[in-house]
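# Architecture at a glance
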Amino acid sequence: MDANGRQTDSTVMVVDDVPTSRYAMGAVLRRAGHGVVPVASAGEALVELDVLLRAGSLPDVALVDVGLPDMSGFELCRRLKSQPPTAALPVVHFSAAALAPGDRCQGLDAGGDAYLSVPAEPEEIQAVVRAALRGARLRSGAEALARRLTLLSETIVAVQAARCPTELAHAAAQGTARLTGDSAAVFVLGEDGELYPGLSRRRARTSLPGPGAHEAVARLIRGATAGHAGVRSIVVPAPLWPAGFLRPGVLEDARVVLAQTQEGKPAVCLATPAHARAQETGALVARLAQATALAAEPLLMYQVERHVALTLQHSFLPQKPADLPGMEVAVRYVPASRQTEIGGDFYATLRTSRGVLTGVGDVVGHSLDAATVMVEIRHALRAYCVEDPDPAVLVQRLDRMLQHYHPEATATVCLALVDPDSGHVRIANAGHIPPLIVHDDGTARYPGAAGPLLGLGLERPPATEEFLTPRHRLLMVTDGLIETRGTDLSVSMEQLRMAAADGPSDVGALCDTLLDCFGQDREDDIALLALRLG
C-alpha cells in the first residue's frame, strides 16, 4: 500500500553512494509499497540492471544521485537512455547539494524525467516516484497500442490481398495470433455452408481436429449469427468448442469473435483461448473480424463465378476430341490455379466439307463474361464453318459478330483448315500465337501467319498456305502455356519451339511433355491442340 492505502507492484532502483541516504530513501519507498534495489555506484547500477534485464525484471523507476563517485548521475542517465532495453526506464535525479538551474537542465537534456532536492518530505518523494511511474506507464501503453494498431493494419492488408477464402482465413488467423500473443483459429462460413478454416503458425500442426469438429464449428457459427448481423464476442465453454483447433488435444474455453455484414451473408469466426488478452486486444480483434468479413464477401462471390465459368468451359471443351479419319489429334485444357481468375481459352476440332477445321483462341479478360463470350465464339465458329470453312472467311465473320454483339470484347484466335488427303493447310491468325509445325527430324518452325485481334474491325491479310506430311505435327497453343510476366513473348515462343522440336513424336505425349515443361503454376488457362496425319 502507498501513503493513500493503494497497493503498488513497482520496483525502484536507488543509486546513492552514501549508505545512510540510500537506507533512508529505501525506507520511504518501502513504506509506500515499492520494492527497492539499492546500489552504491553507477558501475554497480549498470551491472545490476544487466542481471535484472536477463531475468526479465527491470525496475520501474531509477532514483539516481547526481554526485556519484565513478560517473555523474547525468552520464549514467545518458547511458541508460542510449540502450534500447533501458531507454524507457524513468530516471529521477536527486542531490543534497544545491545545484544551479543549468545543472538541472543538464539532467533533463540527458533524458531524466524529474529532479528532486533532498532532504525532502516522504510525501514529496513518493509523489515524484508516482508521477514518474504514471508517465512511463502512459508512454508504454501508447507505444503498445501503436504496435498493435500497426499489426492490425498489416493484417488487414494481408487479408485484403488474399486470393481465396482459405488464404484469407490463414492470414486472419496469423494476424489474430500476433495481436493476442496466443494461438488462433479463423473460420469463414460461406452462404452455401462451406467452411474455410485457417490456423495460426503458433500452434502445432499435429493432431488436427477431424471433420466432425469442423461441422461442430459450422453449427456454432450458424447458431450464434442467426439474427445477429455485425460483430459480437462470446466465450464458448470447452464442452461446446472442439479440442485441437487452438492447441492439439487440449479441451479449453474459447473466446470467439463473430462478424457478419448482414444476415445471410458470409460469417467469420475468430477464435483464441479464453484467457488471451481480451481486455487489451478485444476491440482490435473485433475490427479485424469485421475487415475479414468484408473481404470474404467478394472472394466467396468470385468462387461461385469461377465455378460457373469452369463448368461452362468443361461443358464445351471435351477432353477427348471426336475421331477424325486420316488424322491423329490430341487436346489438353488446364484451368489456372484455384487462386487465380478464370479466362476464356478454347479449342475446336470440327469436320467440314473441305477437311478438318482446328483452332485455338482466347477471349481477352478474366471473368464469367470472358467465359461466356468464349462459348459464343465457339458456337458461332461451328455454325459458320458449315457454310464456308475457309479460315480467312471465318475470322472475318467472327470479327463482325464480336463487334455487333460484344463491342467491348476482343479475342485472339488461330484457325487451320487441314485436308487429310492432300496435307494442304490454310491458316488464318487473329492476334494469336501462330501454329508450330514440328518435323520428325528435330526441327520446328512458325509459319508467317499473323493478323489483328478479333473485335477491332481492321483489315486482315490473306490466309497462309502450308503442306503437312505424316512426318509433321501441327501444334496450336494459347499464350497461357508460355507467357511469363517480365519475359518478352518472342523469347518464350523460341523456348517453346526448341522444346517441341526435341519432343516425342506422339501428339498426346508431345502435349504432356510441353505441359510438364511450361505449364506448372501458370496464372492463366492453357489450351493445347496437336495433330498429325495418319
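Here the structure is a predicted model, which is why all the values come from computation and not from measurement. (Residues numbered from 1 in each chain as written. Predicted model: local features only at pLDDT ≥ 70, side-chain atom pairs only at ≥ 80, totals over all residues. Heavy atoms only, no water.)

We now examine the packing of aromatic side chains. Per the stated rule, a full pass over the model turns up 1 aromatic pair. Seen from their ring centres, Phe 187 and Trp 241 are 6.1 Å apart, and the 70 degrees between their planes marks the pair as edge-to-face. Placement of Phe 187 in strand β6 (residues 185-189) and of Trp 241 in the loop between β8 (230-236) and β9 (254-260) is noted, with a sequence separation of 54 residues between them. For Phe 187, a relative accessible area of 0% translates into the label buried. (Phe/Tyr/Trp six-rings, centres within 6.5 Å; stacked < 30°, edge-to-face > 60°. Helix = DSSP H or I, 4+ residues; strand = E, 2+ residues; numbered from the N terminus. Buried < 20%, exposed > 50% of the residue type's maximum accessible area, 1.4 Å probe, protein only.)

Next up on the list: the pairing of strand β2 (residues 35-39). The pairing of strand β1 (residues 11-15) with β2 spans 5 bridges and is classified as parallel. Each residue of the ladder has a partner; that of Thr 11, found in β2, is Gly 35. A crossover links β1 with its parallel partner β2, the connecting element being helix α1 (residues 19-31), and its sense is right-handed. (Pairing = 2+ DSSP bridges. Right-handed = clockwise from strand over helix to strand, strands pointing away.)

Right, let's get into empty space enclosed by the protein. Applying the stated criterion across every chain yields a total of 1 cavity of 30 Å³ or more. Around the largest cavity, the lining residues are His 93, Arg 104, Gly 107, Leu 108, Gly 112, Asp 113, Ala 114 and Tyr 115. Looking at the lining of the largest cavity, the elements with two or more residues in it are α4 (101-109) and β5 (114-117). Residue contributions to the lining of the largest cavity peak at 3 residues, all from α4. Residue classes in the lining of the largest cavity are distributed as 3 nonpolar, 3 polar and 2 charged. (1 Å grid on protein atoms, 1.4 Å probe; cavity = no way out; pocket = protein on both sides within 12 Å on 5 of 7 lines; lining within 4 Å. Points joined across faces, edges and corners; volume = space filled by probe spheres on them. Nonpolar A, V, L, I, M, F, W, Y, C, P; charged D, E, K, R; others polar.)

Take helix α10 (residues 391-405) next. If you check α10, its first and last C-alpha atoms are 21 Å apart, about what 15 residues at 1.5 Å a residue would give, namely 21 Å. The complete set of buried residues in α10 reads Pro 391, Ala 392, Leu 394, Val 395, Leu 398, Asp 399, Met 401 and Leu 402. For α10, the side-chain oxygen to backbone nitrogen distance between the N-cap and Ala 392 is 3.0 Å, and the N-cap itself is Asp 390. (Expected span 1.5 Å × (residues − 1). Polar contact = N/O pair within 3.5 Å; in protein donor to acceptor, adjacent residues only side chain to side chain.)

The next thing to look at is the sheet that holds β6. As summarised here, the arrangement of the 5 strands in space is β7-β6-β10-β9-β8, forming an open sheet in which the pairing is antiparallel. The strands lining the two open edges of the sheet, one partner per strand, are β7 (195-199) and β8. Adjacent strand axes in the sheet meet at a mean angle of 15 degrees, parallel and antiparallel pairs treated alike. As paired elements, β6 and strand β10 (residues 267-273) share 5 bridges and run antiparallel to each other. Within β10, the position partnered with Phe 187 by the bridge is Cys 269. Sheet strands in contact with helix α6 (residues 165-180) are β6, β7 and β10, and its direction is about 40 degrees off that of β7. (Axes fitted to C-alpha atoms, helices over the stretch in contact; angles between N-to-C directions. Contact = heavy atoms within 4.5 Å.)

Let us now look at the pattern of salt bridges. With the rule as written, the count across this model stands at 19 salt bridges. In this structure, the salt-bridge partner of Arg 54 is Asp 50, at a minimum N-O distance of 3.1 Å. In this pair, Arg 54 and Asp 50 are both assigned in helix α2 (residues 42-55), 4 residues apart and thus about one turn of the helix distant. Of the residues examined, Arg 54 reaches a relative accessible area of 69% and is grouped as exposed. Connected through salt bridges with shared partners, the residues Arg 354, Asp 388, Asp 390, Arg 426 and Glu 465 form a single ionic network. (Salt bridge = Lys/Arg side-chain N within 4 Å of Asp/Glu carboxyl O.)

Next up on the list: the nonpolar core. Core analysis: the biggest nonpolar cluster contains 27 residues, and Leu 357, Ile 377, Leu 381, Leu 398 and Leu 454 have the highest contact counts within it. Those elements that place two or more of their residues in this core are β12 (344-352), β13 (355-363), α9 (368-387), α10, β14 (411-418) and β15 (424-430). Per element, the largest residue contribution to this core is 9 residues, and it comes from α9. Setting aside its immediate chain neighbours within four residues, Leu 398 contacts Ile 377, Ala 380, Leu 381, Tyr 384 and Leu 454. Residues Ala 162, Ala 173, Val 186 and Leu 300 belong to the second largest nonpolar core, which totals 26 residues. (Core = buried A, V, L, I, M, F, W, Y, C linked by side-chain atoms within 4.5 Å.)

What follows covers the packing of α2 against helix α3 (residues 73-82). Between α2 and α3, the least distance of the axes is 10 Å, while the angle of their chain directions is 20 degrees. Here α2 lies roughly parallel to α3, going by the angle between them. The chirality of how α2 crosses α3 is right-handed. Where α2 approaches α3, its residues Ala 42, Ala 45, Leu 46 and Leu 49 are matched on the opposing element by Leu 76, Arg 79 and Leu 80. For the contact of α2 with α3, the residue count by class is 6 nonpolar, no polar and 1 charged. (Parallel < 35°, antiparallel > 145°, perpendicular 65-115°, else oblique. Left-handed = near helix turned anticlockwise from the far one by under 90°.)

Let us now look at the packing of helix α11 (residues 489-501) against helix α12 (residues 507-518). Their axes nearest at 10 Å, the elements α11 and α12 cross at an angle of 135 degrees. When the axes of α11 and α12 are compared, the pair comes out oblique. Pair α11 / α12 crosses with right-handed handedness. Two secondary-structure elements touch here, α11 through Gln 495, Leu 496, Ala 499 and Ala 500 and α12 through Leu 510, Leu 514 and Phe 518. Its residues placed into classes, the contact of α11 with α12 shows 6 nonpolar, 1 polar and no charged.

What follows covers the environment of Leu 381. Counting through the fold element by element, Leu 381 comes out in helix α9. Between the C-alpha atoms of Leu 381 and Ala 348, which are 33 residues apart in sequence, the distance is 8.8 Å. Those residues in contact with Leu 381 that lie beyond four places of it in its chain are Ala 348, Leu 350, Leu 357, Leu 394, Leu 398 and Leu 415.

With that out of the way, let us pick up the environment of Gly 111. Position of Gly 111 relative to the elements: it lies in the loop between α4 and β5. A sequence separation of 37 residues divides Gly 111 from Phe 74, and the C-alpha atoms of the two residues are 8.4 Å apart. Leave out the neighbours within four places in its chain, and Gly 111 touches Cys 77 and Lys 81.

The next subject is the pairing of strand β16 (residues 436-439). Burial along β16 is two-sided: the face carrying Leu 436 and Val 438 and the face carrying Ile 437 and His 439 are both buried. The sheet contact formed by β16 and strand β19 (residues 472-477) spans 4 bridges and is antiparallel. Bridge assignment links Ile 437 to a residue of β19, and that residue is Leu 474. Direction of pairing for β16 relative to strand β17 (residues 444-445): antiparallel, over a ladder of 2 bridges. The residue bridging Ile 437 from the neighbouring strand is Arg 445, located in β17. Taking the residues that link successive antiparallel strands as the turn, the β16-β17 hairpin has 4 residues, and the phi of Gly 442 there is positive, at about 90 degrees.

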